Amino acid sequence: MAAQEPPRPPPGSAEPLEPEPGGRYEAVVPHWFYCKVTDTRERWVPFSAQDSERLEAAHGAGKEQAGVVVPTSGGRYDVHLRERRRVAVYWEEEAAEVRRCTWFYKGDKDNKFIPYSEAFSEELEEAYMIAVTLGEWKKKLESPNREVIILHNPKLMVHYHPVASSDDWVSTPTEQGRPRTVKRGVENIAVEIPNGEPLQIDHLVFVVHGIGPACDIRFRSIVQCVNDFRNVSLSMLQSHFRKAQEQQQVGRVEFLPVNWHSSLHSTGVDVDLERITLPSINRLRHFINDTILDVFFYNSSTYCQTIVDTVASEMNRLHRLFLQRNPRFTGGVSIAGHSLGSLILFDLLTNQKADPEEKERCVQGSGTTSSTGGVEEVKEILKKLELSEYCDVFEKEKMDRQALLLCTENNLKEMGIPLGPRMKILHYISSETGMKGRSSEPGSPSQLGDSSEDGRSCQYRDVGLGQVSANYPQLNYKPSIFFAFGSPIGMFLTVRGVKRIDPNYSLPTCKGFFNIFHPFDPVAYRIEPMIVPEMEFEPMLLPHHKGRKRMHLELKEGLTRMSVDLKNNLLGSLRVAWQSFTRSPVLALEAGSSEAEAEAEAGTEKQPDTKAEEPPAAVKEESPPINVGRLNGGNRIDYVLQEKPIESFNEYLFALQGHLCYWESEDTVLLVLKEIYQTQGITLDQPLPGSQ
């Protein structure tokens, strides 16, 4: 079989393809890559320009000895330079191969360039240097895989894959097979190299996943989804916090994933389930065992304890490790949960204990008021009971309200209180203690939280949530804000018997709470109607990140407003016509009464016009502020995303996508960044319309 002739450069080229002898040689600029393996497919990904320079500096300084580690990817991965391995810092992940790349060839499957090994790249670079310096081209080199590379000229270098003849026992390297393009230097291949992340970290956010190991429609892990969320946040910072970045007030927000699913399913429960699972519809049953059953596991006291212990210990571990690696970090910490993960975090937060310093401060405050204001409070109670003449007796005994509620009939007898007043006081004590007992009863349906007398109690109390019996661990920090994405918290509270959340209730250690959901998310539920059930109002519409409502929503709103105006005008015209038709023309009326009727008619004719000018409450954009309690510091809690135009065609078709859309939602990320940086006094470059 004749050898295939290598491709020749096109004739008629303007510039000479073969340089003259003694050409000028310039060393190639290396770039560092790592190998990412997904579904047995290898893909070489470039490090950011910042990380590659850092790796090259360590390599050039001769730091190839064992133990040299270079942090990359914002400190989330370490590169062990000598072993050429990239290792995850905060979570478990298979180590990836790292290369210092200078020469590349185009792959067979996806036409993406693949780097040669470092040793063979050095051979290619040496041959290239000789060819440029001496002008001796068309050199052949054989790779370790018995493949042939021919350097025709600086712009045409080809890689041939060896093909064995059918009658040959051993193939010899020839120029057979389809040629592949060879490129020298990363600047000559089509690859996007990121600039890198800001070194300054302003805030830390832990993200807890929901049911199952997959977190989005593409069945990706929580690590991959949080990577997307972080990348979107970097983009939003550049576009909406540009002024603050230029003034070096803003760095970035770090998002770290918290995985509890693997720990739960490593307890041996999967083996137990496998024994009792029916053999039919195997894939569906396996999917249910791996995902849907997580909800039932959380409602089991045994596995609920495993889940809350895993989440709390993992967040505490990540927090300690992050502070070790970032000793200069002075920012705050927030937490975010998706789906069931938000319920886990909510239950953890409701069982956190207040700061000991805050407790002590409140106890001291209550002690000072008990000596002065406490006695005055008892006097007010006695006045309400029309027993003011006994104020001196209680003041002499230094009786405050707490002591009064502990009094028995014998105590009142010893104080010399007659039978009639004694019965009044005992009735008051029994009514107060009975109301307090009902409100603090576990699983109470009346309220969430136990706010004492006037709502000023700082003491930690066991909130009656009807939660699964578990020992909820304590976090090593006080979260600034809690973000819930597609959260079923409202539904679970209702199922547990909580009909209403006390407006004075707030999470013991976290002052911010945002419930963010897609309008078609089948798992999401609202929180605000549980705080103010007597009012009907819409959730806050999350503004679009580009600063306006989506066009199809504006069109829908405009059509709604137009139909309401037409309806008002039509009803007004029909009302006037009906009144003029039913008016009797032969009835003799006095002048005064006819004038009054004329005025009334004029009023009725004007009435439809004035009503038609006012848009209905459903389409009014500006609504009066609504008090939704202290759960989010008096601010709104429920925020709804704007659906995309294609999603509005069929709600059911995009229901699943609605529950999994938060990881790449610019609107969600922008709200998270806005609220986080607002705690630091930093605002958006341009306030978004409709934002709170």
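Here's what I pulled together on the structure shown here. All values derive from a computational prediction rather than experimental measurement.

## Comments concerning the nonpolar core
Then, number 1: Core analysis: the largest hydrophobic core is formed by 103 residues, its most contacted members being Phe206, Met315 and Phe482.
Then, number 2: Ranked by residue count, the leading element in this core is helix α8 (residues 301-325), at nine residues.
Then, number 3: Once residues within four sequence positions are removed from consideration, Phe206 is found in contact with Leu256, Val258, Met315, Leu318, His319, Val333, Ser334, Ile335, Ala336 and Tyr477.
Then, number 4: By size, the runner-up hydrophobic cluster in this structure holds 17 residues, among which are Leu382, Met399, Leu404 and Cys407.

## A closer look at a nonpolar patch on the surface
Then, number 1: A contiguous nonpolar surface patch, about 720 Å² in accessible area, is contributed by Phe219, Ile281, Leu284, Phe287, Ile288, Ile292 and Phe296.
Then, number 2: Inspection of the secondary structure assignment puts Leu284 in helix α7 (residues 282-298).
Then, number 3: Note on Leu284: relative accessible area 47%, which makes it partly exposed.

## Topic: the sheet that holds strand β4 (residues 77-80)
Then, number 1: Pairing is antiparallel across the open sheet formed by six strands, whose spatial order is β2-β1-β6-β5-β4-β3. Of all strands in the sheet, those bounded by a partner on one side alone are β2 (41-46) and β3 (69-72). Across this sheet, the average inter-strand angle for adjacent strands is 30°, counted without regard to direction.
Then, number 2: Here β3 runs beside β4; their pairing, made up of four bridges, is antiparallel. Residue pairing for β4: Pro71 is matched across the bridge by Asp78.

## A short note on a positive patch on the surface
Then, number 1: Taken together, the side chains of Lys36, Arg41, Arg43, Lys109 and Lys112 make up a positively charged region of the molecular surface.
Then, number 2: Looking at Arg43, the relative accessible area reads 35%, which means it is partly exposed.

## Here's the deal with the sheet that holds strand β12 (residues 180-184)
Then, number 1: With antiparallel pairing, the six strands of this open sheet are ordered in space as β8-β7-β12-β11-β10-β9. Strand pairing shows two members of the sheet lacking a second neighbour, β8 (113-115) and β9 (139-142), which therefore form its edges. Averaged over all pairs of adjacent strands, the angle between strand axes in this sheet comes to 30°, irrespective of strand direction.
Then, number 2: Alignment of strand β7 (residues 103-106) against β12, held across three bridges, turns out to be antiparallel. Each bridged residue has a counterpart across the sheet, and for Tyr105 the counterpart in β12 is Val182.
Then, number 3: Contacts between helix α2 (residues 118-134) and the sheet are confined to β7, β9, β10 (148-153), β11 (156-160) and β12, with β9 contributing the most and set at about 170° to the helix.

Thresholds, definitions, all that
Residues numbered from 1 in each chain as written. Predicted model: local features only at pLDDT ≥ 70, side-chain atom pairs only at ≥ 80, totals over all residues. Heavy atoms only, no water. Core = buried A, V, L, I, M, F, W, Y, C linked by side-chain atoms within 4.5 Å. Buried < 20%, exposed > 50% of the residue type's maximum accessible area, 1.4 Å probe, protein only. Helix = DSSP H or I, 4+ residues; strand = E, 2+ residues; numbered from the N terminus. Contact = heavy atoms within 4.5 Å. Patch = residues over 30% accessible without salt bridge, like charges linked within 9 Å, V, L, I, M, F, W, Y side chains within 5 Å. Areas by Shrake-Rupley, 256 points an atom, 1.4 Å probe, with all protein chains shown as cover. Salt bridge = Lys/Arg side-chain N within 4 Å of Asp/Glu carboxyl O. Pairing = 2+ DSSP bridges. Axes fitted to C-alpha atoms, helices over the stretch in contact; angles between N-to-C directions. Lys, Arg positive; Asp, Glu negative; His and termini not counted. Charge placed at Lys NZ, Arg CZ, Asp CG, Glu CD.

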